[in-house]
Amino acid sequence: MNEDHYSLAVPFYDLWHEDGHVPLVRELLPPLLKGVARSVIEIGAGTGLITRLIARETPAEIYAVEPSLGMRSVLVNRLAEDPELLSRVTVLPCGALDVEVDEPVEAIVMVSVLQSFSSPEREELWRVLARQLEPGGLLVFNWRERSARVPGELEVMGSYQVGRHTYEIAGQVLEVAGESVTSRFVYRIRQHGVAISEDEVLSTNHWPTGERLVAELEAAGFARQDAPESMETWRLTD
Ligand SMILES: C[S@@+](CC[C@H](N)C(=O)[O-])C[C@H]1O[C@@H](n2cnc3c(N)ncnc32)[C@H](O)[C@@H]1O
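Below or above, wherever it landed, is the structure these notes cover. (Residues numbered from 1 in each chain as written. Predicted model: local features only at pLDDT ≥ 70, side-chain atom pairs only at ≥ 80, totals over all residues. Heavy atoms only, no water.)

## Description of the sheet that holds strand β6 (residues 155–162)
Working step 1: Judged by pairing direction, the sheet is antiparallel, and its 4 strands sit side by side in the order β6-β7-β8-β9 without closing on themselves. Both edges of this open sheet fall to β6 and β9 (194–206), since each of them pairs with a single strand only. Across the sheet, the mean angle separating the axes of adjacent strands is 20° when strand polarity is ignored.
Working step 2: Summarising the sheet, β6 and strand β7 (residues 165–177) pair through 7 bridges and their orientation is antiparallel. For Gln 161, the partnering residue across the bridge sits in β7 and is Thr 166. (Pairing = 2+ DSSP bridges. Helix = DSSP H or I, 4+ residues; strand = E, 2+ residues; numbered from the N terminus. Axes fitted to C-alpha atoms, helices over the stretch in contact; angles between N-to-C directions.)

## Let's talk about the packing of helix α1 (residues 10–17) against helix α4 (residues 69–80)
Working step 1: It is at 9 Å that the axes of α1 and α4 come closest, and there the two elements cross at 65°. Overall, the two elements α1 and α4 adopt an arrangement that is roughly perpendicular. In contact with Val 10, Tyr 13 and Asp 14 of α1, α4 contributes Gly 70, Met 71, Val 74 and Arg 78. (Parallel < 35°, antiparallel > 145°, perpendicular 65-115°, else oblique. Contact = heavy atoms within 4.5 Å.)

## Brief notes about the environment of Asp 4
Working step 1: Note on placement: Asp 4 falls in the segment before α1.
Working step 2: Look at Asp 4 and you get partly exposed, because its relative accessible area is 28%.
Working step 3: Counting along the chain gives 169 residues from Asp 4 to Val 173, while the straight-line C-alpha distance between them is 20 Å.
Working step 4: Setting aside chain neighbours within four positions, we find Asp 4 in contact with Ser 68, Leu 69 and Gly 70. (Buried < 20%, exposed > 50% of the residue type's maximum accessible area, 1.4 Å probe, protein only.)

## Considering the site of the ligand
Working step 1: In the neighbourhood of the ligand, 20 residues make up the surrounding shell, with His 21, Gly 44, Glu 66, Ala 96 and Val 111 lying closest.
Working step 2: At a separation of 2.8 Å, a nitrogen atom of the ligand approaches a polar backbone atom of Ala 96.
Working step 3: Across the complex, the protein chains shield 97% of the 600 Å² of accessible surface that the ligand would expose by itself.
Working step 4: By residue class, the composition of the shell around the ligand is 12 nonpolar, 7 polar and 1 charged. (Near = heavy atom within 4 Å. Polar contact = N/O pair within 3.5 Å; in protein donor to acceptor, adjacent residues only side chain to side chain. Areas by Shrake-Rupley, 256 points an atom, 1.4 Å probe, with all protein chains shown as cover. Nonpolar A, V, L, I, M, F, W, Y, C, P; charged D, E, K, R; others polar.)

## Structural notes on the pattern of salt bridges
Working step 1: Counted under the stated rule, the structure contains 16 salt bridges.
Working step 2: Across the pair Arg 127 and Glu 124 runs a salt bridge whose closest N-O atoms are separated by 3.1 Å. With Arg 127 and Glu 124 both in helix α6 (residues 119–132) and 3 residues apart, the pair spans about one turn of that helix.
Working step 3: Judged by relative accessible area, Arg 127 falls into the partly exposed class, the value being 45%.
Working step 4: When its relative accessible area of 27% is taken as the criterion, Glu 124 is described as partly exposed.
Working step 5: A salt bridge links Arg 224 to Glu 232, with the nearest nitrogen and oxygen atoms 2.7 Å apart.
Working step 6: The partly exposed category is assigned to Arg 224, whose relative accessible area is 48%.
Working step 7: In the salt-bridge network here, residues are joined through shared partners; they are Arg 122, Glu 123, Glu 179, Arg 212 and Glu 216. (Salt bridge = Lys/Arg side-chain N within 4 Å of Asp/Glu carboxyl O.)

## Regarding the nonpolar core
Working step 1: Of all hydrophobic cores here, the largest spans 30 residues; its most connected members are Leu 29, Ile 50, Ile 54 and Val 109.
Working step 2: Ignoring sequence-local partners within four residues, the contact set of Ile 50 consists of Val 22, Val 25, Leu 29, Glu 42, Val 109 and Val 111.
Working step 3: Val 65, Val 105, Phe 117 and Trp 126 belong to the second largest nonpolar core, which has 27 residues in total. (Core = buried A, V, L, I, M, F, W, Y, C linked by side-chain atoms within 4.5 Å.)

## Quick look at unusual backbone geometry
Working step 1: The backbone of Ser 112 shows a phi angle near 55°, a positive value even though the residue is not glycine.
Working step 2: Relative to the helices and strands, Ser 112 is located in the loop between β4 (105–110) and α6.
Working step 3: The partly exposed category is assigned to Ser 112, whose relative accessible area is 21%.
Working step 4: The phi dihedral of Ser 230 falls on the positive side, at around 80°, and the residue is not glycine.

## Some remarks on α1
Working step 1: For α1, the complete set of buried residues consists of Val 10, Phe 12, Tyr 13, Trp 16 and His 17. End-on, the buried residues of α1 take up no more than an arc of 140°, which puts them together on one face.
Working step 2: For α1, the elements touching its buried residues are α2 (22–32), α3 (49–57), α4, β6, β7 and β8 (180–191). (Arc of directions from axis to C-beta.)

## Section: the sheet that holds β4
Working step 1: Strand order in this open sheet of 7 strands is β3-β2-β1-β4-β5-β11-β10, and the pairing throughout is mixed. Every interior strand has two partners, whereas the edge strands, β3 (89–92) and β10 (222–225), have only one. Pairs of neighbouring strands in the sheet enclose a mean axial angle of 20°, with direction left out of account.
Working step 2: Summarising the sheet, β10 and strand β11 (residues 231–236) pair through 4 bridges and their orientation is antiparallel. Opposite Phe 222, over in β11, you have Leu 236 as the bridge partner.

Below you can see the structure in the form of structure tokens.
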């Protein structure tokens, strides 16, 4: 990821995702982290919604990797409100492919980030993560098989009241090419129904099939573990 697609989305992020994947991850992630006590890398920590959960569920030191300045700013401000979090979370201002920590970690968590990597980038990602994990280390991420997407019209996906204003997110699939889906997102703020701010973001995400993921991870030296639907847990083989 070279462009900061997320910067325009930042004011909308927590509103939308508290309504999206975050509540389910809050329910499913804690049992998967049972026993993790020393160190965790979180890839794509965003505004810190999941960082805070990892910190609550484990006593581990956390390396929160976040390349977007906008998202990272919210993350650091969230840490600044809690001295305990501030002492335990190191924020790495880089992308996952450039991660390098001092010692291999016990676990890596990656929530709603996998789609940012194209297929060649994913192969590199698994290699980098395997290098950062100790033998037998745990890799946890969310993933589900998706039905084929087709280009469509712009539709409102979420609408939230913030004081007297309405924050609205609309999206549309523009193009589908194999596992890659290019979408347009419009972030709008309305006052009395009239748009007073509007930003548009085009982004391409990548949605590999389950079969493809399994092949990639096994080739990179990971073995699949039991996990509830929509979560994946893998261990680095010794
Ligand atoms: C949908 S958000 C998820 C944020 C957080 N994990 C959550 O669930 O709330 C995706 C995040 O991945 C980050 N990201 C995108 N490309 C990345 C990369 N190459 N390495 C690490 N993080 C990346 C984005 O900046 C963004 O903060």
